[in-house]
Amino acid sequence: MNRYSYLYIALLFFGIPLSSNAVSYSYVLHLQTAQQDSVQIDTDYIEKREYEDLNETYSGDEFVYERTVENSGWWTRFKQWLSDFFKDLFDINTDARAADVTDMALNIFYIVLLLLVVFFIVKAIMNKEGNWVFGKSSDKSIIPVTDIETNIYQTDFQSLIKSAESENNYRLAIRYYYLWLLKILSEAEIIDYDVEKTNSDYYLEIKKEATKKEFSYTSYLYNYIWYGEFDIDELQFKKAKDAFTQFLNSMKK
């Protein structure tokens, strides 16, 4: 006897009428049958699935839920500190996004650093001192431009030229001759000396044609010998020296 039979007997004992509007024994049996019929058994084939290389598949930053940097190298700790800094600064929600921002910031820093290095290398190569980074080292005795070109009026060019000639440094001697010439022209108020001016600027300031002609030729010699970094022998130096000496003597008259 099942529980529904006991329910039926209890209803009869308490005198509950089993009319069409009440719960009947047949209805109880119907519920029992319906409950039994509603249970289904799945007999379909179950495919066994296997998962391999889960560590490689889920190894990205977005799957890192706990970060430990105590035993990491200084660079890893620095990147983690920077990532946490950006996370707080920009209110970033996840560590993965903060790590992406950190990588982008570091890449920008690398590019700027590389550009600065290239800039200073090019500046060192192209500076008007003519001290080529990969060039000759014969001009180690050159006095810095800030000590001569900015103080030409206090410079003893005759002593500098004599010293350069004694060392057979003819290029340096020609440089001193040219700066000496600019000093004389400025003192004669033929030009207005300025460190930033070029040979063309000085040429346009000269009024007399004869002076312009001599200045043009000596400027050519200076540019060719000094900036061209051509080795000149004693004979070539003597010819250039004569041109500068003649021009300087004409200015003293």
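Anything mentioned here points back to the structure above.
Anyway, here's the lowdown on the structure attached to this text. (Residues numbered from 1 in each chain as written. Predicted model: local features only at pLDDT ≥ 70, side-chain atom pairs only at ≥ 80, totals over all residues. Heavy atoms only, no water.)

### Re the nonpolar core
Thought 1: If you look at the biggest cluster of nonpolar residues, it comprises 36 residues, and the most contacted ones within it are F157, Y176, L182, F215 and F244.
Thought 2: Looking at this core, the element that brings in the most residues is helix α8 (residues 170–187), giving 13 residues.
Thought 3: Those residues within four positions of F244 in sequence are excluded, and the remaining contacts are I174, Y177, Y178, L181, T218, L221 and Y222. (Core = buried A, V, L, I, M, F, W, Y, C linked by side-chain atoms within 4.5 Å. Buried < 20%, exposed > 50% of the residue type's maximum accessible area, 1.4 Å probe, protein only. Helix = DSSP H or I, 4+ residues; strand = E, 2+ residues; numbered from the N terminus. Contact = heavy atoms within 4.5 Å.)

### Topic: the layout of surface pockets
Thought 1: One number sums up the size of the largest pocket: a volume of about 220 Å³.
Thought 2: E149, Y178, K197, N199 and Y227 are the residues nearest the centre of the largest pocket, which is lined by 15 residues in total.
Thought 3: At the level of secondary structure, the elements contributing two or more residues to the lining of the largest pocket comprise α8, α9 (199–205) and α10 (209–227).
Thought 4: When grouped by side-chain class, the residues that make up the lining of the largest pocket number 8 nonpolar, 3 polar and 4 charged. (1 Å grid on protein atoms, 1.4 Å probe; cavity = no way out; pocket = protein on both sides within 12 Å on 5 of 7 lines; lining within 4 Å. Points joined across faces, edges and corners; volume = space filled by probe spheres on them. Nonpolar A, V, L, I, M, F, W, Y, C, P; charged D, E, K, R; others polar.)

### Things to note about a negative patch on the surface
Thought 1: The grouping of D192, D194, E196 and D201 at the surface amounts to a negative patch.
Thought 2: Looking at D201, the relative accessible area reads 33%, which means it is partly exposed. (Patch = residues over 30% accessible without salt bridge, like charges linked within 9 Å, V, L, I, M, F, W, Y side chains within 5 Å. Areas by Shrake-Rupley, 256 points an atom, 1.4 Å probe, with all protein chains shown as cover. Salt bridge = Lys/Arg side-chain N within 4 Å of Asp/Glu carboxyl O. Lys, Arg positive; Asp, Glu negative; His and termini not counted. Charge placed at Lys NZ, Arg CZ, Asp CG, Glu CD.)

### Things to note about α10
Thought 1: The first and last C-alpha atoms of α10 sit 26 Å apart over 19 residues, in line with the 27 Å expected at 1.5 Å per residue.
Thought 2: Buried within α10 are the following residues: T211, K212, F215, T218, S219, L221, Y222, I225 and W226.
Thought 3: Contacts from the buried residues of α10 go to α8, α9 and α11 (234–252). (Expected span 1.5 Å × (residues − 1).)

### Remarks on the pattern of salt bridges
Thought 1: If you walk through the whole model with that rule in mind, you get 5 salt bridges.
Thought 2: Put simply, E165 and K241 hold a salt bridge, and the shortest N to O gap is 3.2 Å. Of this pair, E165 sits in helix α7 (residues 157–166) while K241 sits in helix α11; the two residues are 76 residues apart in sequence, bridging distant segments of the chain.
Thought 3: Among the residues examined, E165 registers a relative accessible area of 23% and is labelled partly exposed.
Thought 4: Here D242 ties to K238 by a salt bridge, and the two come within 3.4 Å at their closest N and O atoms. Taken as a pair, D242 and K238 lie in helix α11 at a separation of 4 residues, close to a single helical turn.
Thought 5: Residue D242 is classed as partly exposed on the basis of its relative accessible area, which comes to 39%.
Thought 6: The exposure class of K238 is partly exposed, given its relative accessible area of 48%.

### Points about the packing of aromatic side chains
Aromatic rings considered in pairs are described by the distance between their centres and by the relative angle of their planes.
Thought 1: Considering all chains together, one arrives at 17 aromatic pairs under this definition.
Thought 2: Both rings, one in W81 and one in F85, keep their centres 5.9 Å apart while their planes meet at 15 degrees; by these two values the pair is stacked. Of this pair, W81 and F85 both sit in helix α4 (residues 74–89), 4 residues apart, which is roughly one turn of the helix.
Thought 3: Among the residues examined, W81 registers a relative accessible area of 52% and is labelled exposed.
Thought 4: Here a set of aromatic residues connected by ring pairs shows up, and it is made of W74, W75, F78, W81, F85, F86 and F90. (Phe/Tyr/Trp six-rings, centres within 6.5 Å; stacked < 30°, edge-to-face > 60°.)

### Concerning the side chain of T211
Thought 1: With respect to the helices and strands, T211 occurs in helix α10.
Thought 2: With relative accessibility at 8%, the residue T211 sits in the buried group.
Thought 3: With residues near it in sequence (within four places) discarded, T211 still touches L185, I206 and F247.

### Things to note about a nonpolar patch on the surface
Thought 1: There is a patch of nonpolar side chains on the surface, built from W74, W75, F78, W81, F85, L89, F90, F109, Y110, L113, V117 and I121 and spanning about 1300 Å² of accessible area.
Thought 2: Among the secondary structure elements, those contributing two or more residues to the nonpolar patch are α4 and α5 (95–126).
Thought 3: If you tally residues by element for the nonpolar patch, the top one is α4, at 6 residues.
Thought 4: A residue is classified by how much of its surface remains accessible, and V117, at 42% relative accessible area, is partly exposed.

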